[in-house]
Amino acid sequence: MPEKVRTIQPGPVFYDVFLGYLRVIGTNLKDWCAPHGVTPTNAKSAATGGWNGVKARRLRQKMIDEVGEETFARLYADRMRREDAA
């Protein structure tokens, strides 16, 4: 049976995937936000879906691009599989 394809959605899993990536490269949300001209509060809100306008969607895409689209999608799918198994 083919595996169900998941669309990347804002929420806790999106946020955790991005934070995990930042930790792996030795930085944090605050340090990532400064050169991107966004506050950590707005970045978290965009990642979790609390802020979902055009600017938030653009910011989420920046987050995905930072990680790499394929890598982000794979990490997101892996995390969602673990969530489903729990």
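Residues numbered from 1 in each chain as written. Predicted model: local features only at pLDDT ≥ 70, side-chain atom pairs only at ≥ 80, totals over all residues. Heavy atoms only, no water.

Chemist: Describe the packing of helix H4 (residues 54-67) against helix H5 (residues 69-85), with residues and values.
Modeler: Between H4 and H5, the shortest axis-to-axis distance is 6 Å and the interhelical angle comes to 100 degrees. The angle between H4 and H5 falls in the class roughly perpendicular. Mapping the contact onto sequence places Gln61, Met63, Ile64, Asp65 and Val67 in H4 and Glu69, Thr71, Phe72 and Leu75 in H5. Classifying every residue of the contact of H4 with H5 gives five nonpolar, two polar and two charged. (Axes fitted to C-alpha atoms, helices over the stretch in contact; angles between N-to-C directions. Helix = DSSP H or I, 4+ residues; strand = E, 2+ residues; numbered from the N terminus. Parallel < 35°, antiparallel > 145°, perpendicular 65-115°, else oblique. Contact = heavy atoms within 4.5 Å. Nonpolar A, V, L, I, M, F, W, Y, C, P; charged D, E, K, R; others polar.)

Chemist: Pulling in residues and values, what's your account of the side chain of Arg79?
Modeler: Relative to the helices and strands, Arg79 resides in helix H5. For Arg79, the side chain forms a polar contact with the side chain of Asp16, separated by 3.0 Å. Not counting chain neighbours up to four residues away, the residues in contact with Arg79 comprise Val13, Asp16 and Val17. (Polar contact = N/O pair within 3.5 Å; in protein donor to acceptor, adjacent residues only side chain to side chain.)

Chemist: Let's hear about the confidence of the model for the chain: which residues, and what values?
Modeler: On average, residues of the chain score 92 in pLDDT, and 93% of them reach the 70 mark or higher. Put simply, H5 is where the chain has its lowest mean pLDDT, 91, and helix H3 (residues 40-48) is where it has its highest, 98. (pLDDT = per-residue confidence, 0-100.)

Chemist: Please provide a residue-by-residue account of the packing of aromatic side chains, values included.
Modeler: Taken as a whole and judged by the stated rule, the model has two aromatic pairs. Each ring, one from Phe14 and one from Phe72, has its centre 4.8 Å from the other, and the planes form 50 degrees; the classification is tilted. With a gap of 58 residues between them, Phe14 in helix H1 (residues 12-24) and Phe72 in helix H5 connect regions that are remote in the sequence. The pair formed by Phe14 and Phe72 is uniform in burial state, with each residue classed as buried. (Phe/Tyr/Trp six-rings, centres within 6.5 Å; stacked < 30°, edge-to-face > 60°. Buried < 20%, exposed > 50% of the residue type's maximum accessible area, 1.4 Å probe, protein only.)

Chemist: Explain H1 to me, and be specific about the residues and the numbers.
Modeler: Between its first and last C-alpha, H1 extends 18 Å over 13 residues, near the 18 Å set by a 1.5 Å rise per residue. Of the residues making up H1, those classed as buried are Val13, Phe14, Tyr15, Val17, Phe18, Leu19, Tyr21 and Leu22. Elements that come into contact with the buried residues of H1 comprise helix H2 (29-36), H3, H4 and H5. (Expected span 1.5 Å × (residues − 1).)

Chemist: Can you break down the environment of Ile64 residue by residue, with the values?
Modeler: Within the secondary structure, Ile64 sits in helix H4. C-alpha separation for the pair Ile64 and Arg23, spaced 41 residues apart in sequence, amounts to 15 Å. With near-sequence residues (within four places) excluded, Ile64 lies in contact with Ile8, Phe14, Glu69 and Phe72.

Chemist: Report on a positive patch on the surface, specifying residues and quantitative values.
Modeler: On the surface, a cluster of positive charge is contributed by Lys55, Arg57, Arg58 and Lys62. Inspection of the secondary structure puts Lys62 in helix H4. Accessibility expressed as a relative area gives 39% for Lys62, which makes it partly exposed. (Patch = residues over 30% accessible without salt bridge, like charges linked within 9 Å, V, L, I, M, F, W, Y side chains within 5 Å. Areas by Shrake-Rupley, 256 points an atom, 1.4 Å probe, with all protein chains shown as cover. Salt bridge = Lys/Arg side-chain N within 4 Å of Asp/Glu carboxyl O. Lys, Arg positive; Asp, Glu negative; His and termini not counted. Charge placed at Lys NZ, Arg CZ, Asp CG, Glu CD.)

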